[in-house]
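Architecture and fold: a report
Here are the chains, one letter per residue:
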Amino acid sequence: MKYRTIGTDPATRREVSVLALGAMLFGSRTDEETSFAVLDRYVEAGGTFIDTSDNYAFWIDGGQGGQSEELLGRWRRSRGIGDEILIATKLGARPLAPGTGYVDNAEGLSKKVIRESAERSRDRLGVAKLDLLYAHIEDRTVPLRETVEGFAELVAEGTVGLLGVSNHATWRVERARALAAAAGLPGYEVLQYAHSHLRPRFDVPDGLFPDGNLGQAGPDLLSYLREEPALTLVAYSPLLKGAYTHPDRLPADYDHPGTPARLKALREVARETGATVNQVVLAWQIGAELPIIPLVGASSVAQLEESLAAVDLELSAEQRARLDAAH
């Protein structure tokens, strides 16, 4: 395994593995025995960065979520896991009532929600401190200053370490960070967005983003990262939910003229290296000029093994240039 540092403050920054493990479906679609086996293998391989959320996976049973955090809590206790493993979680997108969702009835990002939801996450995970806590989705009903202050209060109290943000417009990330800096408060340092080698159309709206999809790491966000090298991008869905090996799973917003050229480059590099296309995608992210940590899911130990092998895959400068230039 290889490692990199996230965060800048000596009091809160952490060294984590360059491959993060997503626990979204653990405790729901992925049963406990399988979830524990994947987690055990990840840690055995040197993995130290696990990702969850307080709303995972509400859509499985029409509830409010919490199954993933609860399973991770049971796993931590049964294995004697301490703070050597960073478990990041998110708040803001938990449905307020069963049968609803984050588009129509999210908990939001008020100070009250931030405090109460963080406490519930600590209880489910069985930890005294959340080492990394994300604002999961935007809440434009609450002033940004209130959200910034709400997270900062928990950092000051020692119940939260690093702060992160996901699925926000880049201008709102920058505005929140500027508000925090002006007030001498901690700001977002880890950004979690969907990112892979294939690029979607960014103009396709969804329930959260009527002007186009802001949950993807598009040109604005990537250029922002170039200007702010202390930030880290955690790339979720790097393997597009299996679409590289099952093309029928590729979402409609990837159906555009640029996709075939990037797929061709990926397949060429995979043949040259003897690796799988999935491993090339992960190695391309891990060794990128920008600070990117791919966040992979796994519903079996075999799936995890494929991703773990990508950590040691070294791409040449020429191969990287070819992957970057394909369009």
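In short, a report on the structure. Since the model is a prediction, treat every value here as computed from it, not as a measurement.

Calculation criteria
- Residues numbered from 1 in each chain as written.
- Predicted model: local features only at pLDDT ≥ 70, side-chain atom pairs only at ≥ 80, totals over all residues.
- Heavy atoms only, no water.
- Phe/Tyr/Trp six-rings, centres within 6.5 Å; stacked < 30°, edge-to-face > 60°.
- Helix = DSSP H or I, 4+ residues; strand = E, 2+ residues; numbered from the N terminus.
- Buried < 20%, exposed > 50% of the residue type's maximum accessible area, 1.4 Å probe, protein only.
- Core = buried A, V, L, I, M, F, W, Y, C linked by side-chain atoms within 4.5 Å.
- Patch = residues over 30% accessible without salt bridge, like charges linked within 9 Å, V, L, I, M, F, W, Y side chains within 5 Å.
- Areas by Shrake-Rupley, 256 points an atom, 1.4 Å probe, with all protein chains shown as cover.
- Salt bridge = Lys/Arg side-chain N within 4 Å of Asp/Glu carboxyl O.
- Expected span 1.5 Å × (residues − 1).
- Contact = heavy atoms within 4.5 Å.
- Polar contact = N/O pair within 3.5 Å; in protein donor to acceptor, adjacent residues only side chain to side chain.
- Pairing = 2+ DSSP bridges.
- Axes fitted to C-alpha atoms, helices over the stretch in contact; angles between N-to-C directions.

Our next topic: the packing of aromatic side chains. Each pair of aromatic rings is reported with the distance of its centres and the angle of its planes. Enumeration over the complete set of coordinates arrives at 4 aromatic pairs. Where phenylalanine 58 meets tyrosine 102, the ring centres are 6.0 Å apart and the plane angle is 85°; that geometry is what we call edge-to-face. With phenylalanine 58 in helix 2 (residues 58-61) and tyrosine 102 in helix 4 (residues 102-105), this pair connects stretches of sequence that are 44 residues apart. Take tyrosine 102: its relative accessible area is 35%, and that puts it in the partly exposed class. Through successive ring pairs, a cluster of aromatic residues spans Tyr56, Phe58, Trp59 and Tyr102.

Ile6, Phe49, Ile50, Leu132, Phe151 and Leu191 are the most contacted members of the largest nonpolar core, which has 89 residues in total. Take this core: its biggest share by element is 7 residues, from helix 10 (residues 277-286).

What follows covers a nonpolar patch on the surface. Residues Met24, Trp59 and Ile60 make up a contiguous nonpolar surface patch of roughly 240 Å² in combined accessible area. You can call methionine 24 partly exposed: its relative accessible area is 32%.

This brings us to the side chain of threonine 48. Along the chain, threonine 48 falls in the loop between helix 1 (32-44) and strand 4 (49-51). Threonine 48 gets classed as buried once you look at its relative accessible area, which sits at 13%.

For helix 1, with 13 residues, the first-to-last C-alpha span of 18 Å sits near the 18 Å given by 1.5 Å per residue. In this structure, the buried side of helix 1 is in contact with strand 2 (14-17), strand 3 (20-22), strand 4, helix 3 (67-79) and helix 11 (301-309). Near the N-terminus of helix 1, the side chain that reaches the backbone nitrogen of glutamate 33, with its oxygen 3.1 Å away, is that of aspartate 31. With its phi angle positive at about 100°, glycine 46 sits one or two positions after the end of helix 1.

If you trace the 8 strands once around the closed barrel, you get 3-4-5-6-7-8-9-10, paired in parallel fashion. Each adjacent strand pair in this sheet contributes to an overall mean axis angle of 30°, direction not counted. Here strand 9 (residues 232-236) runs beside strand 10 (residues 292-296); their pairing, made up of 4 bridges, is parallel. For tyrosine 236, the partnering residue across the bridge sits in strand 10 and is leucine 295. Across the sheet, helix 1 is in contact with strand 3 and strand 4; its angle to strand 3 comes to roughly 175°.

Before going further, it helps to spend a moment on the environment of tyrosine 236. As for its position among the elements, tyrosine 236 is in strand 9. Taking the C-alpha atoms as reference points, tyrosine 236 and glutamate 116, 120 residues apart in sequence, are found 26 Å from one another. Here the side chain of tyrosine 236 touches asparagine 167 through a polar contact of 2.9 Å, side chain to side chain.

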